[in-house]
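# Fold and geometry: a report
Here are the chains, one letter per residue:
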Amino acid sequence: MSETSADLRHARVYVSVLGDGGLPSTDEQREATMAGLRSAHGFLQGKVASELHLKRTPTLELHYDDTTDRALRVDALIEQIGQE
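Read on for a plain summary of the structure. Since we're looking at a predicted model, the values are computed, not measured. (Residues numbered from 1 in each chain as written. Predicted model: local features only at pLDDT ≥ 70, side-chain atom pairs only at ≥ 80, totals over all residues. Heavy atoms only, no water.)

## Thoughts on the side chain of Asp-69
- With respect to the helices and strands, Asp-69 occurs in helix 3 (residues 67-82).
- Given the relative accessible area of 11%, Asp-69 is considered buried.
- Setting aside anything within four residues of it in sequence, one finds Asp-69 in contact with Val-17, Pro-24, Ser-25, Arg-30 and Tyr-64. (Helix = DSSP H or I, 4+ residues; strand = E, 2+ residues; numbered from the N terminus. Buried < 20%, exposed > 50% of the residue type's maximum accessible area, 1.4 Å probe, protein only. Contact = heavy atoms within 4.5 Å.)

Shown next as C-alpha cells:
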C-alpha cells in the first residue's frame, strides 16, 4: 500500500514481511528486509521514475506495516480457540 502527497513529491510506501511458512515475521526478518529495501532505495527510485514518466518523481519513504503480523496473530488465536 502507498500514499502520495498532493503535490506528488512524496510517496509513503508500506511494507509487510511474512515469516517462514507464512508465519508472522521475526524482528530479524523485518530488520533485514527493511535494510535491504533501504539499500536498494536508489534503484527503486529509478524504477519508479522510469515507469511514471513525471516531471518530478515522488521520493519514496519506506515504512513497516504490521497489519499482516496482527492478522496472522488473530488467525492463530481463532484457530486456538477452535481447538479447545
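## Quick look at the environment of Pro-58
- If you trace the backbone, Pro-58 turns up in the loop between helix 2 (41-52) and strand 3 (59-64).
- On the accessibility criterion, Pro-58 (6% relative accessible area) is buried.
- For the pair formed by Pro-58 and Gln-45, sequence separation is 13 residues and the distance between their alpha carbons is 8.2 Å.
- Apart from residues lying up to four places away in sequence, Pro-58 is in contact with Leu-8, Arg-9, His-10, Ala-11, Gln-45 and Leu-52.

## Quick word on unusual backbone geometry
- With a phi close to 60 degrees, Leu-8 is a non-glycine residue in the positive phi region.
- Within the element layout of this structure, Leu-8 appears in the loop between strand 1 (2-4) and strand 2 (10-15).
- Phi is positive for His-53, close to 55 degrees, though the residue is something other than glycine.
- By the secondary structure assignment, His-53 is in the loop between helix 2 and strand 3.
- Residue classification places His-53 among the exposed residues on the basis of a relative accessible area of 68%.

## Here's the deal with the pattern of salt bridges
- What the rule picks out here adds up to five salt bridges.
- Linking Arg-30 and Asp-27 is a salt bridge whose minimum nitrogen-to-oxygen distance equals 2.2 Å. Of this pair, Arg-30 and Asp-27 both sit in helix 1 (residues 27-39), three residues apart, which is roughly one turn of that helix.
- A relative accessible area of 44% places Asp-27 in the partly exposed class.
- Where salt bridges share partners, they join Asp-27, Arg-30 and Asp-69 into one cluster. (Salt bridge = Lys/Arg side-chain N within 4 Å of Asp/Glu carboxyl O.)

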